[in-house]
Amino acid sequence: MFATLTGLGLSASAGLNAYIPILVVGLLARFTDAIALPHQFAWMSNGWALTAVVILLAAEVVLDKVAVVDHVNDAIQTFVRPAAGGAVFAASDAAAKVDHSAWMAGHPWVGWVLGIVVALCVHLTKAGARPVINAGTVGLGTPFVSAAEDAMSLGMSLIAVLVPALVVLVLIVFALIGWRLIRRVRRWRRGRRSPERIG
């Protein structure tokens, strides 16, 4: 159960920022005993891989805080974030060995699929809300929202690894925030269509 919660938390985190959960997992595996990565995911704790992730994270942090540029970045990340979500879910599930599930051990693709789906759902919610935030704040709110997303991604990654029992609560909060954002996006789109119909 805890391995699955860790995987869900990390993949949700990847939906906000692909590189933060990979960096957290890699650093914890390299310098602590909190995570013991299996051989197929050992690259996550490799020094060169960590350096590359830090560089990609720095680029992501800058690009995601500029209005309009963040849309292009989100389009590119549509492929990166779900892949990262699948990788960290599979790595954490394989590493934790808490579930002792023979079925999960015999079907490792399930972790990948769950991670991809969770990360994709979070990513699509984030990407869909950004145009509303950018338009509503004339781009001034973009860096603040992006910084909040980065903080949420980091916090969720640490909770998922260190206190997986809290993941359920955090995921519920994520779901409520996502639901409210989706409603706002729909209202905003309806509001944009209405003047066109009147004209």
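In the block above lies the structure referred to throughout.
Residues numbered from 1 in each chain as written. Predicted model: local features only at pLDDT ≥ 70, side-chain atom pairs only at ≥ 80, totals over all residues. Heavy atoms only, no water.

Quick question: what am I supposed to make of helix α2 (residues 19-31) here?
Owing to its 3.6 residues per turn, the α-helix brings residues three or four apart onto one side. The end-to-end C-alpha separation of α2 is 18 Å, in line with the 18 Å expected for 13 residues at 1.5 Å each. Burial analysis of α2 places 10 of its 13 residues in the buried class, which makes it a mostly covered element. All buried positions along α2 are accounted for by Tyr19, Ile20, Pro21, Ile22, Leu23, Val24, Val25, Gly26, Leu28 and Ala29. (Helix = DSSP H or I, 4+ residues; strand = E, 2+ residues; numbered from the N terminus. Expected span 1.5 Å × (residues − 1). Buried < 20%, exposed > 50% of the residue type's maximum accessible area, 1.4 Å probe, protein only.)

Would you mind going over the side chain of Arg130 with me for this structure?
With respect to the secondary-structure elements, Arg130 resides in helix α6 (residues 109-137). Under the relative-accessibility criterion, Arg130 is labelled buried at 0%. Among the polar contacts listed, one links the side chain of Arg130 to the side chain of Asp64, at a separation of 2.8 Å. Engagement of the side chain of Arg130 in a polar contact is seen with the side chain of Glu149, the distance being 2.7 Å. (Polar contact = N/O pair within 3.5 Å; in protein donor to acceptor, adjacent residues only side chain to side chain.)

Can you walk me through the nonpolar core in this structure?
Most often, soluble globular proteins have nonpolar side chains that are buried together. Leu37 and Met44 are the most contacted members of the largest nonpolar core, which totals 34 residues. Top element by residues in this core is α2. It accounts for 8 residues. (Core = buried A, V, L, I, M, F, W, Y, C linked by side-chain atoms within 4.5 Å.)

Would you mind showing me how to read the packing of α2 against helix α3 (residues 47-63) here?
When two helices pack together, their arrangement is given by the angle between the helix axes and the distance between those axes. Between α2 and α3, whose axes approach to 10 Å, the crossing angle comes to 150°. Here α3 runs roughly antiparallel to α2, going by the angle between their axes. In the crossing of α2 with α3, the sense of the turn from one axis to the other is left-handed. Listed contacts from α3 to Tyr19, Ile20, Ile22, Leu23, Gly26, Leu27 and Arg30 of α2 are Gly47, Leu50, Val53, Val54, Leu56, Leu57 and Glu60. For the contact of α2 with α3, the residue count by class is 10 nonpolar, 2 polar and 2 charged. (Axes fitted to C-alpha atoms, helices over the stretch in contact; angles between N-to-C directions. Parallel < 35°, antiparallel > 145°, perpendicular 65-115°, else oblique. Left-handed = near helix turned anticlockwise from the far one by under 90°. Contact = heavy atoms within 4.5 Å. Nonpolar A, V, L, I, M, F, W, Y, C, P; charged D, E, K, R; others polar.)

Whenever I open this one, the pattern of salt bridges confuses me. Can you help?
Opposite charge on two side chains lets them pair, provided their charged atoms get close. Tallied over the entire structure, the rule returns 8 salt bridges. In this structure, Glu60 engages Arg81 in a salt bridge whose closest nitrogen and oxygen atoms are separated by 2.7 Å. On the criterion of sequence distance, the pair formed by Glu60 in helix α3 and Arg81 in helix α4 (residues 69-96) is long-range, its members being 21 residues apart. The pair Glu60 / Arg81 is uniform in exposure class, with both members buried. (Salt bridge = Lys/Arg side-chain N within 4 Å of Asp/Glu carboxyl O.)

Teacher, can you tell me more about the side chain of Glu149 here?
Among the secondary structure elements, Glu149 is positioned in helix α7 (residues 142-162). A polar atom in the side chain of Glu149 sits 2.5 Å from the side chain of Lys126. Residues contacting Glu149, with those up to four places away along its chain left out, are Leu16, Asp64, Lys126 and Arg130.

Where do I start with a nonpolar patch on the surface in this structure?
On the surface, Met152, Leu154, Leu158, Leu162, Val163, Leu166, Leu169, Val173 and Ile177 cluster together into a nonpolar patch covering about 720 Å² of accessible area. The element contributing the most residues to the nonpolar patch is α7, with 4 residues. Relative to the helices and strands, Val173 is located in helix α8 (residues 167-198). Among the residues examined, Val173 registers a relative accessible area of 41% and is labelled partly exposed. (Patch = residues over 30% accessible without salt bridge, like charges linked within 9 Å, V, L, I, M, F, W, Y side chains within 5 Å. Areas by Shrake-Rupley, 256 points an atom, 1.4 Å probe, with all protein chains shown as cover.)

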